[in-house]
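Residue strings, one per chain:
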Amino acid sequence: GLRVADGYGTLTNNVIENPFVGRRLMVCDEGHNLEKALLDADTVEVYQASFERLGVKLPSTVEFEVWPRWAAEVLPELQARYADLRMARSTALRDGSLSVDAFKEANRLKAVVQTLTNIKELADRATHTPFFVGRQPYGYVLRPLWAWDRARHLLFRHADNVVVMSATLGALYLQKDAAY
């Protein structure tokens with residue numbers, strides 16, 4: 001039967017099972033958005049203020065290899081802190097003593113643990129794709145340099161034929177050719 005995915009988020013979200021597994025044909029419309037969606041799927045933004053509030057010092061380097069090792073080192077302690085906080089939050093919810101600050105703290109810790117997990121997982125992908133680490137006003141961003149490996153993993157291995165379409169892509173290529 002026919003399967004329709006409403007946007008590239010369905011294909012790039014690791015939580016959702018790819019709806020095109022085993023299909024003969026996958027048509028990707030709005031193809032001019034595909035590369036960005038694939039790069040965004042492996043991009044991790046690190047918010048320095050969130051880590052500082054938890055007493056965690058970020059690496060001060062833009063060398064990618066340092067980041068997954070750092071994440072692997074600090075992750076176990078923060079996972080344990082989050083597990084303890086979740087238990088305390090459950091107790092506070094039951095007896096009605098949960099404060100807004102405690103709720104925010106738990107959510108902040110959860111986000112930091114997820115960020116660290118994502119950074120750690122990037123190490124596996126970095127064997128095929130180089131990553132860029134850039135300093136941002138809010139912290140750091142870790143981003144793949146190209147989308148080929150992600151496209152192969154998320155698109156090309158699930159369908160026999162993949163068609164990428166876009167009226168915008170056509171117009172851009174025509175404009176480029178007309179200029180020469």
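This one's a predicted model, so the numbers in the text were calculated from it and none came from an experiment. (Residues numbered from 1 in each chain as written. Predicted model: local features only at pLDDT ≥ 70, side-chain atom pairs only at ≥ 80, totals over all residues. Heavy atoms only, no water.)

Caption draft 1: Expanded view of the sheet that holds strand β2 (residues 44-47). In space, the three strands of this open sheet follow the order β2-β4-β3, with antiparallel pairing throughout. Whereas interior strands pair on both sides, the edge strands pair on one side only; in this sheet they are β2 and β3 (131-136). Averaged over all adjacent pairs, the angle separating strand axes in this sheet is 15 degrees, with direction ignored. Judged from the four bridges that link them, β2 and strand β4 (residues 139-144) form a sheet pairing that is antiparallel. Considered in β4, the bridge of Tyr47 is made with Gly139. The strands that helix α5 (residues 100-125) touches are β2, β3 and β4; relative to β2, the one it contacts most, it runs at about 140 degrees. (Pairing = 2+ DSSP bridges. Helix = DSSP H or I, 4+ residues; strand = E, 2+ residues; numbered from the N terminus. Axes fitted to C-alpha atoms, helices over the stretch in contact; angles between N-to-C directions. Contact = heavy atoms within 4.5 Å.)

Caption draft 2: Main features of the environment of Arg125. Here Arg125 shows up in helix α5. Classification of Arg125 as partly exposed rests on a relative accessible area of 24%. Along the backbone, Arg125 and Arg150 are 25 residues apart, and their C-alpha atoms lie at a distance of 8.7 Å. (Buried < 20%, exposed > 50% of the residue type's maximum accessible area, 1.4 Å probe, protein only.)

Caption draft 3: Structural view of unusual backbone geometry. Of note in this structure, Glu30 is not a glycine but carries a positive phi near 55 degrees. By the secondary structure assignment, Glu30 is in the loop between β1 (23-28) and α2 (34-41).

Caption draft 4: Broad picture of the pattern of salt bridges. Counted by the stated rule, this structure contains six salt bridges. Note that Lys36 is salt-bridged to Asp40, the shortest N-O span being 2.5 Å. Taken as a pair, Lys36 and Asp40 lie in helix α2 at a separation of four residues, close to a single helical turn. Residue class for Lys36 comes out exposed when judged on its relative accessible area of 52%. One salt bridge in this structure joins Glu77 and Arg81, with 3.8 Å as the shortest N-O distance. With Glu77 and Arg81 both in helix α4 (residues 66-95) and four residues apart, this pair spans about one turn of that helix. Several salt bridges converge on common partners, so that one network encompasses Lys36, Asp40 and Arg143. (Salt bridge = Lys/Arg side-chain N within 4 Å of Asp/Glu carboxyl O.)

Functional significance is not addressed by these values, which are geometric in nature.
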